Amino acid sequence: MSVESFIKENVHLLGGKVHIAPDIPSKKLDGAIASMAPNQDPDYVVAIVDTTIFGGGKEGALLTGEFLYLHAIASPVQQFQLSALSGADYTTTEVKKGDKTQIVEHVSLRFKNGSATDVTSSLSGMSLKGFTNFINEMVKSVNTDADFVSTSQVRPLSAMSPEIKKAYIKVLCNFALSNDNLIDATEYAEIVSLMSRIEMDKDSRIEIRTYMVSSDYIEPLSSLLSFLTEEIDAGVSEIAMQSLMKDCLFLHRKVNPTYEWTSNSFLRDLQNKIGLSDAQVNTILEAIINDENILSQRKSDSEIQKAIKDTAAKAAAVGVPLTAIYFSGTMGLSAAGLTSALAHLGLGGLLGFSPMVTGIGVAVLMGVGAYQGVKKVTGLKDLENNKQRELLLQEIIKNSQRSLDYLIEDVNEIAALLQKAIEKENQDEIKLQKLSAILAMLSKGAQETSGQIQYAEKEKLLARIPLKLRQMDRDRIIELTEGATKQRIRTLILDAYTENTETSENNAPITIYTLNDTLPINELETIYNALDNIGYFKVADAAVASVKSVAKGILGNLTK
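Just so you know, these numbers come straight off a predicted model, no measurement behind them.

Draft legend 1. Here's a closer look at helix α1 (residues 3-10). Within α1, burial applies to V3, E4, F6, I7 and N10. One face of α1 carries all of its buried residues, which in axial projection span an arc of 160°. Close packing links the buried residues of α1 with β2 (47-50), β3 (60-63), α3 (128-141) and α8 (234-255).

Laid out in structure tokens, this is it:
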């Protein structure tokens, strides 16, 4: 057993508030490192035991695969190399205080060089018996000094070696081929999208392209999983396996959205080989569906924030870290793109990819409350609440464009091979047919990726245009387009909305104007530009127009 696996499975023996990577809250991790291990890379922290009263993480224990750090409020920090330990001793002494006898506990660490150190004062708030058992079991379970190594607990797939990436993608290819021994256009486009997200190099992509079309050389699933388990750092091995299931489920939904995963023999085999329960697989599937709903249901930033937090809670309950779900990215986003996007919602730390998350700058401005109030009155607050979805869509577009470049490269390569085959005097009919079929598949894959870009571009525009107008919003547009020269602009904007009646919170009927979201992207772009030109998105212009509109309404009522 690796020391990191042992720590994760047994650190609870120490008592206190235990946090295990990759689910260590960033504030606690920052506090523990600053207080106990200032030069420690946070990616390599396996667990912390927080014994502080208010949960700041500055007292307790911090463990990596190589070191143990201990700190109590009245004691200096103690650092120990795990490979140097030979065990721990728990003893008690009786101390008489008047008529009473008090039992005092002691713990000392033993070292392979024969020395020993008392650590009792540094274990305040922890179970001394539990700590002793933890050290003694660790010494028994971890066989050699070479096993006491630190590995990254949060490194995403994109930061791993080309060989690991290729084995990971080959599992996806095996799944796509398992049904009909063919990879269709949709499957191909999604696999290429994944290769783009994890930043696979050109040579690796050429190898995968050959692997996709040469079913005679498919590597067994067991061999690929064994390779991944051996090559991926112990700290993220389990996460990588759970992510692999996620990507296969995602591909399954793309091709068979209504077909239960439990009926697919490949998915069942993968589940059994990597040791996942039905509850874990179903939770991963729920996370995939939640990600799809962010776009399909056009969720606002606040709705996205709630959905991600709910997903994290459900995943943690069944032993699936949120990091596993987003280890290779999602929805066409790389892990880096997703993490930086979620950082704007204050959720970046949930994923644990600390090198990618720069955090959120908090600006405290005079009058910000009044400013936010004006935006709410003018309806601009609702549009600002779509910034997260807009950012996600922008990242999807970037990745889809890279995927399209990969596909075009593949099309050109296969076309060249086909041309050479045609030019040969002794034509191999089977080879020609195969190359033609591959070329057709690549072309359809490119078309599908182009369609995804068009969809994301349109959704990005819709995130910036008000989908619904209240009566006061419509009146403001009318006020902003006063004058003969702006009549056409007014007509252009208002004709894009249809009048509907909805029910308010107090069950009163209200008039709402709904945008026709089936309009082509060029018309939507024209509407956005028109709204921008009249100052609809500017707080000052919107506020003035709203005041004028209300004043005219009041004046109109007075003159009736």
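Draft legend 2. Representation of the sheet that holds strand β8 (residues 116-118) in the model. Pairing is antiparallel in the open sheet, where three strands are placed in the order β6-β7-β8. In this open sheet, the two strands that pair with only one neighbour each are β6 (85-97) and β8. Across this sheet, the average inter-strand angle for adjacent strands is 25°, counted without regard to direction. With 12 bridges connecting them, β6 and strand β7 (residues 100-111) associate as antiparallel partners.

Draft legend 3. The pattern of salt bridges, seen in detail. Here the structure, examined in full by the defined rule, presents 19 salt bridges. Residue D89 pairs with R110 through a salt bridge whose shortest N-O separation is 2.8 Å. Here D89, found in strand β6, pairs with R110, found in strand β7; they are 21 residues apart in sequence, far enough to count as distant. A residue is classified by how much of its surface remains accessible, and D89, at 29% relative accessible area, is partly exposed. The class for R110 is partly exposed, based on a relative accessible area of 28%. Between R268 and D278 there is a salt bridge whose closest N-O contact spans 2.8 Å. Linking R268 in helix α9 (residues 265-274) with D278 in helix α10 (residues 278-296), this pair joins segments that are 10 residues apart in sequence. For R268, a relative accessible area of 26% puts it in the partly exposed group.

Draft legend 4. Broad picture of the confidence of the model for the protein chain. Mean pLDDT for the protein chain: 78, with 79% of residues reaching 70 or above. Per-residue pLDDT stays below 50 along residues 343-381; that stretch engages in 75 contacts with residues further than four places along the chain or on separate chains. Within the model, pLDDT remains below 50 along residues 540-555, and this stretch shows 20 contacts once partners closer than five positions in the same chain are excluded.

Draft legend 5. Just the sheet that holds strand β10 (residues 497-503), in detail. Read from one edge of the open sheet, three strands run β9-β11-β10, paired in antiparallel fashion. Every interior strand has two partners, whereas the edge strands, β9 (468-469) and β10, have only one. Summarising the sheet, β10 and strand β11 (residues 509-515) pair through seven bridges and their orientation is antiparallel. Among the inter-strand pairings, T498 is bridged to a residue of β11, identified as T514.

Draft legend 6. Spotlight on the packing of helix α7 (residues 221-231) against α9. Where α7 contacts α9, the axes come no closer than 11 Å and their chain directions differ by 35°. In this structure, α7 meets α9 at a crossing whose hand is right-handed. Residues L221, S222 and L225 of α7 touch α9, and the partners they reach there are F266, D269, L270, K273 and I274. Broken down by class, the residue content of the contact of α7 with α9 amounts to five nonpolar, one polar and two charged.

Draft legend 7. Inspection of α7 at higher detail. Looking at α7, one finds that the buried residues are L221, L224, L225 and L228. Seen from one end, α7 has its buried residues packed into an arc of 95°, which puts them on one side. Buried residues in α7 make contact with α4 (162-180), α6 (202-213), α8 and α9.

Draft legend 8. Layout of the side chain of N264. On the secondary structure map, N264 appears in the loop between α8 and α9. The exposure class of N264 is buried, given its relative accessible area of 14%. Side-chain polar atoms of N264 contact the backbone nitrogen of F266, separated by 3.0 Å. Separated by 3.0 Å, the side chain of N264 and the backbone nitrogen of L267 make a polar contact. When neighbours within four sequence positions are excluded, N264 is seen to be in contact with F175 and H252.

Draft legend 9. Broad picture of the pairing of β7. Linking two consecutive strands that pair antiparallel, namely β6 and β7, is a turn of two residues; a positive phi of about 70° is found at G98 within it. Taken together, the three bridges between β7 and β8 define a ladder with antiparallel strand orientation. Considered in β8, the bridge of S108 is made with D118. Once β7 ends, the chain turns through four residues before running back antiparallel as β8, passing G114 with a positive phi of about 95°.

Draft legend 10. Looking closely at the environment of A159. Here A159 lies in the loop between α3 and α4. Classification of A159 as partly exposed rests on a relative accessible area of 41%. With 40 residues separating them in the primary sequence, A159 and E199 have C-alpha atoms 8.5 Å apart.

Draft legend 11. Spatial organisation of the packing of α4 against α8. At a minimum axis separation of 10 Å, α4 and α8 run at an interaxial angle of 35°. Considering only the axes of α4 and α8, their crossing is right-handed. Contacts between α4 and α8 involve Y168, V171, L172, F175 and A176 from the first element and A240, S243, L244, D247, C248, L251 and H252 from the second. When grouped by side-chain class, the residues that make up the contact of α4 with α8 number nine nonpolar, two polar and one charged.

Draft legend 12. Main features of the nonpolar core. Core analysis: the largest hydrophobic core is formed by 69 residues, its most contacted members being I169, L228, M245 and L249. Once residues lying within four places of it in the same chain are set aside, the contact partners of L228 are I164, A167, Y168, V171, M241 and L244. Counting residues in each nonpolar core, the second largest holds 29 residues, with V11, L82, A88 and F111 among its members.

Draft legend 13. A look at the pairing of strand β4 (residues 67-71). The element β4 is largely enclosed, with a buried count of four among its five residues. Counting the residues in the hairpin turn of β3 and β4 gives three residues. In the sheet, β4 pairs with strand β5 (residues 78-81) via four bridges, with the strands oriented antiparallel. Bridging from a neighbouring strand, L68 pairs with F80 of β5. Here β4 folds back onto β5 in antiparallel fashion, the turn holding six residues.

Reading the values: rules and limits
Residues numbered from 1 in each chain as written. Predicted model: local features only at pLDDT ≥ 70, side-chain atom pairs only at ≥ 80, totals over all residues. Heavy atoms only, no water. Buried < 20%, exposed > 50% of the residue type's maximum accessible area, 1.4 Å probe, protein only. Helix = DSSP H or I, 4+ residues; strand = E, 2+ residues; numbered from the N terminus. Arc of directions from axis to C-beta. Contact = heavy atoms within 4.5 Å. Pairing = 2+ DSSP bridges. Axes fitted to C-alpha atoms, helices over the stretch in contact; angles between N-to-C directions. Salt bridge = Lys/Arg side-chain N within 4 Å of Asp/Glu carboxyl O. pLDDT = per-residue confidence, 0-100. Left-handed = near helix turned anticlockwise from the far one by under 90°. Nonpolar A, V, L, I, M, F, W, Y, C, P; charged D, E, K, R; others polar. Polar contact = N/O pair within 3.5 Å; in protein donor to acceptor, adjacent residues only side chain to side chain. Core = buried A, V, L, I, M, F, W, Y, C linked by side-chain atoms within 4.5 Å.

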